[in-house]
Amino acid sequence: MICPNCKSNINPSNGRCPNCSFPLPGLDLSNNNIPNLQINNNISDLSTINDLEEFNRNFSLKDDFNLSDTSKVEVDEKEKKKDNKKSPMLLVIIFLILIILLLGSYLLYDKFINNDKNFIVKTETTKEYKLTKQEAKGLGNYLWNYALDTIWCHNFTYSEQPTLINESVNGFEITNYDEIVKNFTTDFIYEYQGNTYKFNDIFGNNTIENKYYDVNKCNRESDPTYETTTLEIKLISKDEITYKATSTYCEGEACIENNIEKEFVIVKEKNKWKIKQFFLPN
């Protein structure tokens with residue numbers, strides 16, 4: 001057998017090299033605490049390195065011998081502690097990921113969807129304009145004459161051919177009805193010879209399938225003594241003006257002293273001035 005330390009060819013007697021006292025692998029019997037080590041009888045000569053390795057393998061201590069039961073328990077407890085330490089750390093990581101996702105979602109929503117706060121909405125308010133007396137007087141004169149011409153059917157346009165509207169009664173269709181009526185309020189009234197009329201009474205209120213017809217084209221009697229009407233503002237606001245309309249009548253060269261005074265009223269609807277109340281003086 002060759003000593004691993006001094007490389008001498010020796011004959012072991014007590015498990016140590018007789019030359020250098022090096023403990024021979026697996027043959028040191030000086031420690032009485034290791035019980036009953038068995039020598040492989042099949043190996044009689046350890047003259048080569050291969051023989052020595054085979055010898056060491058055969059006489060190596062088993063794992064169960066090297067590790068006591070207590071050591072195994074300690075190892076298992078350490079592994080469990082490692083696993084227990086990993087669990088809270090994993091929960092912390094998951095919690096942080098959720099916070100990041102929620103924060104990111106909020107930032108995206110705030111920037112791209114709920115971005116009303118980035119804009120200042122300015123609402124332009126239209127200042128209600130109140131006409132001056134001069135403007136109100138000019139507007140009143142215009143609408144007074146428009147009402148007068150309408151009631152006398154001067155503003156209507158008619159169809160060329162008459163239409164049978166009631167057995168033996170013919171009427172002419174008013175082709176611009178919608179254009180004329182929009183200058184009057186829906187509750188428009190006018191007075192004529194002591195009677196009160198509505199807008200459609202101007203032409204006899206003859207309708208067929210939403211078309212309007214005039215039978216006599218305003219063939220009514222008029223007062224030949226009527227001369228003119230002057231307006232005077234009684235009340236004025238941003239959306240209504242009331243005038244005192246004074247009509248003058250003359251017979252021959254002398255004018256009648258008892259002139260007629262009536263109210264003429266216009267109102268503002270949807271930013272448009274319309275005629276509400278009128279008096280037909282002639």
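Everything discussed here concerns the structure shown above.
Residues numbered from 1 in each chain as written. Predicted model: local features only at pLDDT ≥ 70, side-chain atom pairs only at ≥ 80, totals over all residues. Heavy atoms only, no water.

**Points about the environment of S21**
Here's step 1: Assignment of secondary structure puts S21 in the segment before helix 1 (49–58).
Here's step 2: Overall, S21 belongs to the partly exposed group, its relative accessible area being 46%.
Here's step 3: For the pair S21 and N5, spaced 16 residues apart in the sequence, the C-alpha separation amounts to 9.3 Å. (Helix = DSSP H or I, 4+ residues; strand = E, 2+ residues; numbered from the N terminus. Buried < 20%, exposed > 50% of the residue type's maximum accessible area, 1.4 Å probe, protein only.)

**Section: the pairing of strand 3 (residues 184–192)**
Here's step 1: Across 4 bridges, the pairing between strand 3 and strand 11 (residues 272–279) is parallel. Note on strand 11: the bridge partner recorded for I189 is Q277.
Here's step 2: Where strand 3 folds back on strand 4 (residues 195–198), the antiparallel hairpin that results is connected by 2 residues, among which Q193 adopts a positive phi of roughly 50 degrees. (Pairing = 2+ DSSP bridges.)

**A word on the sheet that holds strand 1 (residues 163–166)**
Here's step 1: One open sheet accounts for 4 strands, arranged 1-2-6-5; its pairing is antiparallel. On the outer flanks of this sheet lie strand 1 and strand 5 (206–208), each paired with one strand and no other. Averaged over all pairs of adjacent strands, the angle between strand axes in this sheet comes to 55 degrees, irrespective of strand direction.
Here's step 2: Summarising the sheet, strand 5 and strand 6 (residues 211–214) pair through 3 bridges and their orientation is antiparallel. Within strand 6, the residue paired with I208 across the bridge is K211. (Axes fitted to C-alpha atoms, helices over the stretch in contact; angles between N-to-C directions.)

**A few points about the pattern of salt bridges**
Here's step 1: Under the criterion given, the structure shown has 4 salt bridges.
Here's step 2: Residues E263 and K234 are paired through a salt bridge, measuring 2.9 Å at the closest nitrogen-oxygen approach. Here E263 is found in strand 10 (residues 260–269), whereas its partner K234 is found in strand 7 (residues 226–236), with 29 residues between them in sequence.
Here's step 3: Between E269 and K274 there is a salt bridge, and its shortest N-O distance comes to 3.7 Å.
Here's step 4: Judged by relative accessible area, E269 falls into the partly exposed class, the value being 30%.
Here's step 5: For K274, a relative accessible area of 17% corresponds to the buried category. (Salt bridge = Lys/Arg side-chain N within 4 Å of Asp/Glu carboxyl O.)

**Some points on the packing of aromatic side chains**
Here's step 1: Under the criterion given, the structure shown has 19 aromatic pairs.
Here's step 2: With 6.4 Å between their ring centres and 70 degrees between their planes, F188 and F199 make a pair best called edge-to-face. Residue F188 is found in strand 3, and its partner F199 is found in the loop between strand 4 and strand 5; the two are separated by 11 residues along the sequence.
Here's step 3: With relative accessibility at 7%, the residue F199 sits in the buried group.
Here's step 4: Relative to Y212, the ring of F203 has its centre 6.1 Å away and its plane inclined at 80 degrees; by these criteria the two rings are edge-to-face. Per residue, the accessibility class of F203 equals that of Y212, and both read buried.
Here's step 5: Here a set of aromatic residues connected by ring pairs shows up, and it is made of Y142, Y146, F156, Y158, Y177, F184, F188, Y190, Y197, F199, F203 and Y212.
Here's step 6: Over the aromatic face of F279 sits the side chain of K262, whose NZ or CZ is 5.5 Å from the ring centroid. (Phe/Tyr/Trp six-rings, centres within 6.5 Å; stacked < 30°, edge-to-face > 60°. Lys NZ or Arg CZ within 6 Å of the ring centre and 35° of its normal.)

**Some words on unusual backbone geometry**
Here's step 1: Its identity as a non-glycine residue notwithstanding, N210 has a phi of 60 degrees, on the positive side.
Here's step 2: Note that N210 resides in the loop between strand 5 and strand 6.
Here's step 3: Positive phi, close to 65 degrees, is recorded for N271, a residue that is not glycine.
Here's step 4: With relative accessibility at 65%, the residue N271 sits in the exposed group.

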